Structures are given as structure tokens and as C-alpha cells.
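Observations on the three-dimensional arrangement
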Amino acid sequence: MYTRIKTVGIFLSLIFLVLAVQAAFASPVIPQTSPTPDKSSYTGYKGLLIGVSAADVRGKLGGPKEKSDTMDLFVMSETESVQFYYDASQVVTAIMITYSGDLKLAPTPTDIFGEDVAPNAEGGIFKMVRYPKSGFWISYNRSPGSDAVVSIAIQKM
């Protein structure tokens, strides 16, 4: 029994020694930072931006399907809907655009960010970029599969 414990102890010591040597000689990981973009070419929906009033949204898009003090839902077609979220003073703080079904009219990551985004292993796409100088962030999400959904979110920071 003692021999077995001693053998396991030596084996574990060798593993720790190998890991310590690898750590000592491994090149340090230097975080890669990408420059923060100043502004996005995609800033809103049909000319409606973060910071406009609920009255401006309703005036441009007409009556929403669902309306409240904090959110309006507009169904633009069978494949496109948009939600506007408001603060207490009825000013837009977030926009969520959703495309489903036939995605021919859905923007691509290139339309949103000016560059393509590679899909993940499952085939989905996600990217989020913060624009601190403009005061908002944008995310793009495309679910994988044949019944994919594209969601674009713009939110005040």
C-alpha cells in the first residue's frame, strides 16, 4: 500500500513540475485591445435615433401595435418588427429591431459595423460594439439554423 501511495505521489510531483516549467517558459499573454470606434454608420431605425421623443417615433411610424409609457411595439411586416423603449420623459433610450422568416431584408453585420463577422461553431453570429463618444452601443445577433432570427439592439450607455 505504501509503495502505491509513494508512486502516486511521485507521479503527481512530476506533473506539477512539468506544469511549473511550462508556466515559467511560456510567453506572456498580452491582451489585445482594439481601438474603440468613434461612431457607427448604423445609428437608428428609419432615421429614428436614441434621444428622440416618443411623439417623433409615433409621428414617423404611425400607431404602434402595443403602446405604453415605457415601450412601443411596431410590426412593420410579417418579417420585421421594432420596439422603442422610453425613459420617464418619453425619450428613446433603446431600440430593438427583429427580423424573422425571410431574412433577405435583414441587415448584415457589414451593414451595421462596416465589417463581416464570422459565425460561431453552431452557425450563429454575435457582435457588440460600444460607441462611448456617441453614447450608445449596438449588438447584432443572428441565431443559427434555417429558421434564423436577426436581432439588432441599440441602447443608450
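Structure's up top.
The residue count restarts for each chain, going from 1 along the sequence in the order it is written. In view of the model being predicted, local features appear only for residues whose pLDDT reaches at least 70, and side-chain atom pairs are presented and counted only at 80 or more, with totals across whole chains, interfaces and linings using the full set of residues. The side-chain figures draw on all heavy atoms in the structure; neither hydrogens nor water molecules are used.

So, about the pattern of salt bridges. We define a salt bridge as a side-chain nitrogen of Lys or Arg found within 4 Å of a carboxyl oxygen belonging to Asp or Glu. Summed over all chains, the structure comprises two salt bridges. Its salt-bridge partner being Arg-58, residue Asp-72 comes within 2.6 Å of it at the nearest N-O pair. Separated by 14 residues along the polypeptide, Asp-72 in strand E4 (residues 71–75) and Arg-58 in helix H2 (residues 54–61) bring together distant segments of the chain. The burial state of Asp-72 is the same as that of Arg-58; both residues are buried. In this structure, Lys-127 engages Glu-115 in a salt bridge whose closest nitrogen and oxygen atoms are separated by 2.4 Å. Placement of the pair is Lys-127 in strand E7 (residues 125–131) and Glu-115 in the loop between helix H3 (109–113) and E7, with a sequence separation of 12 residues. Working definition: helices are DSSP H or I runs of at least four residues, strands are E runs of at least two. Numbering for both runs from the N terminus. Partly exposed describes any residue whose relative accessible area lies between the buried limit of under 20% and the exposed limit of over 50%, with all areas from a 1.4 Å probe on protein chains only and scaled to the type maximum.

Taken in spatial order, the seven strands line up as E3-E4-E5-E6-E9-E8-E7 in an open sheet, and their pairing is antiparallel. Only two strands of the sheet have a single partner each, and these edge strands are strand E3 (66–67) and E7. When DSSP finds two or more bridges between two strands, those strands count as paired. As paired strands, E4 and strand E5 (residues 80–86) are joined by five bridges and run antiparallel to one another. Opposite Met-71, over in E5, you have Tyr-85 as the bridge partner. Between two residues, a contact is recorded if the distance between any of their heavy atoms is within 4.5 Å. Axes here refer to lines fitted to C-alpha atoms; in helices the fit is confined to the stretch in contact. Angles between the N-to-C directions go from 0 to 180 degrees. Relative to the sheet, H2 contacts E3, E4, E5 and strand E6 (92–100), its axis offset from that of E5 by approximately 160 degrees.

So, about the packing of aromatic side chains. The pairing test for Phe, Tyr and Trp rings, Trp by its six-membered ring, is centres within 6.5 Å, and the orientation test on the planes gives stacked under 30 degrees, edge-to-face over 60, and tilted for anything in between. With the rule as written, the count across this model stands at three aromatic pairs. Residues Tyr-45 and Phe-84 carry aromatic rings whose centres are separated by 6.4 Å and whose planes lie at 70 degrees to one another, so their mutual orientation is edge-to-face. Of this pair, Tyr-45 sits in strand E1 (residues 44–45) while Phe-84 sits in strand E5, and the two are 39 residues apart along the sequence. Each member of the pair, Tyr-45 as well as Phe-84, carries the same accessibility label: buried. On the numbers, 6.0 Å between centres and 85 degrees between planes, the contact of Phe-74 with Phe-84 is edge-to-face.

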